[in-house]
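Fold and contact review
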Amino acid sequence: MGYPVVVGAIAMSEALRKMSFEAIVIGGGGAGMRAALQLTESGLKTACITKVFPTRSHTVSAQGGITCAIASHDPNDDWRWHMYDTVKGSDYIGDQDAIEYMCSVGPQAVFELDHMGLPFSRFENGRIYQRPFGGQSKEFGEGGQAARTCAAADRTGHALLHALYQGNLKGGTTFLNEWYAVDLVGNDDGDVVGVVAICIETGETVYIEAKATVLATGGAGRIYQSTTNAHINTGDGIGMALRMGLPVQDMEMWQFHPTGIAGAGTLVTEGCRGEGGYLINKDGERFMERYAPNAKDLAGRDVVARSMVMEILEGRGCGEKGDHVFLKLDHLGEEVLESRLPGICELSRTFAHADPVVEPIPVVPTCHYMMGGLPTNIGGQVLYPESESESRVVGGLYACGEVACVSVHGANRLGGNSLLDLVVFGRACGLQIEKSLSEGFESKVATQANLDKAMARLHKLNSSEGGESISAVREELQKIMQLYFGVFREGESMQKGLQLLRDLKSKIDNLHLRDKSGAFNTDRIEALELQNLYEVAFATAVAAEERKESRGAHARNDFTERDDENWLKHSIYYPQDERIGKRDVNFKPATLDAFPPKVRTY
Amino acid sequence: MLNVSVYRYHPEQDQKPYMQDFQVDTGGKDLMVLDVLFLLKEQDSTLTFRRSCREGVCGSDGMNINGVNGLACITPLSDCVNNGKLVLRPLPALPVIRDLVIDMEQFYQNYERIKPFLQNDKPAPAIERLQSPEERAKLDGLYECILCACCSTACPSFWWNPDKFVGPSGLLQAYRFLADSRDTATEERLAELDDPFSVFRCHGIMNCVNVCPKGLNPTKAIGHIRNMLLSRGT
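Let me begin by describing the structure that accompanies this report. Keep in mind that this is a model prediction, so the values were computed, not measured.

A word on the interface of chain B and chain A. Counting residues at the interface gives 61 residues for chain B, matched by 64 residues for chain A. In this assembly, chain B packs against chain A so that about 5,000 Å² is buried in total across both faces, 52% of it on carbon and sulfur atoms. Seen at the junction of chain B and chain A, the total is 7 salt bridges. The partner of Asp114 of chain A in a salt bridge is Arg182 of chain B, and the shortest N-O contact between them spans 2.8 Å. Connecting chain B to chain A are 37 residue pairs in polar contact (both at pLDDT 80 or more). Those elements that place two or more of their residues in the side of chain B that touches chain A are α1 (33-43), β6 (96-98), α3 (105-113), α4 (133-137) and α6 (167-178) of chain B.

See the structure below:
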């Protein structure tokens, strides 16, 4: 017992303790644990490094389900229809080779989760229960609404995350629980050779060396004031990559989930509308019939969110301030609500003081998901786009899940596709690493200078004598993003927001770490997280201002149309010169013809 | 103004723990206890607690709130404040790392001990293993556990024998797999629980049921395991 190491006391060039693995996975959510399981089963010496105990990861909050053509509800369902929906949902900047891969291998991934123990809800015939979700169709949009989202009541994320943790316990994965990854270590060739991480319990800082480093750090919804995301969603992987000089893709694409509980921000699953719930304005009108005559409340999330904001802006919002709309569920009856949506009933009673059995839930579009992230190929290898058509692989670095942009979600993610993304690409990442390492991938060991570089940010923070309050700066950042980069965007206001972010930079670089002690120092972690939030926010702002069109979740009042001529492209943010480049979208699926861009209506 | 008294302990600085008093302006709102903790952390950034989802599903912020174990994020002040005062302590029975953060190692070990993963000795089919809605319904009230440790740390039998008595959370999970029609390891699972301590130290006082923030009933699950063990003929 005893806590001999005080991080702040480590001198610049003092040798760090080193731990060595063949592969490390940073993040213990759905994607990270699926990758870790694959790697452990392959026999590679692997560690999963996670800043919270794995079952506290944000995957736990996913509710409605995992979308996949397992042909349970409809025996004739076809993964190609799922692919069509996903491409259309992405507003055509999802990469079709990656979407094809996800949708076609998806069923295998879902069955594997069942075999691992995930307690899916069931149909009478014993197969996995599937419910309708937004943007789903049969027959390539011609056959009406599909029901393709596999669910464990409305707690699918919880059930999935626990099943994956259990699978990893069975498989014998090594976990470094409550360890925080500070920065990637790059060698002289620019390959990633591990990470500098803090053991939160003791405060000890360690260099964790690995031939393959997987970023599975999840999203960064905490850049906004109002978000469904957990406090831990701070974009750590994006921050680490940007500080290494690696570019990020489509960062302007943030999904605002139509139904966050007004005020609290907690998520109310789209499954509510899948089960037959619908949105009403203050006049009791089912307004989605006007905006999306066919799909109505099950149009794409971006479409529904914008419609809600329009209702509110035009004075038809509910409540004293008219600042939200209502989600009506009471007509479904207590039995359906308690069996299919028990978690929602619980959340609504706790956070909205509304019992869905008898009254509607006040809801408002709320930041939910980061479609952008680190560009990767299907095997999760992080890419450095060198031109619109050419990219090179970054040695030793992989990404999967929300931090990655492979890209299966493009400009707008369909509900239920994130959980599928996690397991499919977590696994693919593990397979690719197995392959790369068996082919003998080797990289130069890190020099002291490499390590010093990775330690620089931590050293600076640890030696701060004064400066800005962490919570105050975080609040300022979140307000800027909420105000200038929300559901509707406009050039002039984004430029103002961008300037405010530039002004905030000096404060971000001058945070005051009051608590310099070692043991479970959350003050230090929050400061490091805030710097990551800033990196994400700034990349978002630059990309959003630059994309001069409206596509998917990116809706501009000054460029209201989709511009396929100029912007049927990924945006790439290069951190060195804060510049936006473009990258070609993949239109070459392996087994079928690409789906060409069409006008996107629901 | 709300008076809040918080358990403080820093292993590098304190010989022993102490209670620190704060005053918080809640703006007259019925905040959640976790919101109050954020306000306290603005006053004193060294105050330490775990938190993640803030909606009662991740199980990070289990703590003892005015004498009762619960999750800070879904406990409104109106449910817990007595005479204008809020007293926050770490969950009892496990070692304190710092302030409200406990060392949960023993708790996790007990979870791992019951082999909390599906075991089936038949080869997996090409699709899912079929399960009727009735069979699946047997898992309701079991699989929802969030491993927050509110129950086990409220249980005197766990306080006395944390290394021998599995505790309400672990046993709830044990029954979750015993009850799963897809699991074939029933006999092995029961054999590993068949001793005077693992299950039978539960005396049915139902502290676990009273504090479970998810409304689960570990005592009932333990009763089912007891019956399975007894009808097994031991």
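Residues and elements named next belong to chain A. Put simply, helix α14 (residues 491-508) and helix α15 (residues 522-546) touch, their axes get as near as 10 Å, and they point 155° apart. When the interaxial angle is binned, α14 and α15 end up roughly antiparallel. Regarding α14 and α15, the two cross each other, and that crossing is left-handed. Packed against α14, whose contacting residues are Met494, Gln495, Leu498, Leu501, Arg502, Leu504, Lys505 and Ile508, the element α15 presents Leu530, Gln531, Tyr534, Ala537, Phe538, Ala541, Val542, Ala544 and Glu545 at the interface. Here the residues of the contact of α14 with α15 sort into 12 nonpolar, 2 polar and 3 charged.

All names here are of chain A. Taken as a whole, the second largest pocket encloses approximately 790 Å³ of empty space. Every residue lining the second largest pocket is counted, 38 residues in all, and those nearest its centre are Asp183, Leu242, Arg243, Met244 and Glu535. Residue contributions to the lining of the second largest pocket peak at 7 residues, all from helix α12 (residues 448-462). Looking at the lining of the second largest pocket, its residues break down into 16 nonpolar, 10 polar and 12 charged.

With that out of the way, let us pick up the sheet that holds strand β22 (residues 579-584) of chain A. Within a sheet, each strand pairs with its neighbour through backbone hydrogen bonds, oriented either parallel or antiparallel. Residue and element names in this part refer to chain A. What the 3 strands build is an open sheet, ordered β10-β21-β22; its pairing is antiparallel. Each of the sheet's edge strands pairs with one partner strand only, and the pair in question is β10 (248-249) and β22. Bridging between strand β21 (residues 569-574) and β22 involves 6 bridges; their strand directions are antiparallel. If you follow His570 over to β22, its bridge partner there is Arg583. α15 contacts β10, β21 and β22 of the sheet and is inclined by roughly 135° relative to β21.

Reading guide: rules and limits
- Every chain's residues receive numbers from 1 upward, in the order its sequence appears when written.
- Chain A is the first chain written and ligand 1 is the first ligand written, with later ones labelled in order.
- Given that this is a predicted model, residues contribute local features only at a pLDDT of at least 70 and side-chain atom pairs are listed and counted only at 80 or more, while totals for whole chains, interfaces and linings are drawn from all residues.
- Water and hydrogen atoms play no part in the side-chain values, which are based on all heavy atoms of the structure.
- Any two residues whose heavy atoms approach within 4.5 Å at even a single point are treated as in contact.
- Reported buried area values correspond to the accessible surface (1.4 Å probe) lost by two parts on association, with both partners' losses combined.
- Definition used for salt bridges: Asp or Glu carboxyl oxygen within 4 Å of a side-chain nitrogen of Lys or Arg.
- Nitrogen and oxygen atoms within 3.5 Å of one another constitute a polar contact, given that in protein one can donate a hydrogen and the other can accept it, and given that sequence-neighbouring residues count only through two side-chain atoms.
- Think of it this way: any DSSP run of H or I at least four residues long counts as a helix, any run of E at least two long counts as a strand, and we number them from the N terminus.
- Helix axes use the C-alpha atoms of the stretch in contact, all axes being lines fitted to C-alpha atoms, and the angles between their N-to-C directions lie in the range 0 to 180 degrees.
- Should an angle fall under 35 degrees it is called roughly parallel, over 145 degrees roughly antiparallel, and 65 to 115 degrees roughly perpendicular, with every other angle called oblique.
- Note on convention: the crossing is left-handed when the near helix lies turned anticlockwise from the far helix by less than a right angle, right-handed when the turn is clockwise.
- Residue type decides the class: Asp, Glu, Lys and Arg count as charged, Ala, Val, Leu, Ile, Met, Phe, Trp, Tyr, Cys and Pro as nonpolar, and the leftover types, Gly among them, as polar.
- A cavity here means a set of points on a 1 Å grid, drawn over the protein atoms and nothing else, where a 1.4 Å probe fits but cannot get out; a pocket is an open set with protein on both sides within 12 Å along at least five of seven lines, and a residue lines either one if it has an atom within 4 Å of a point.
- Grid points are joined across faces, edges and corners, and a volume is the space filled by probe spheres set on the points.
- Strand pairing follows a simple DSSP-based rule, namely that at least 2 bridges must link the two strands.

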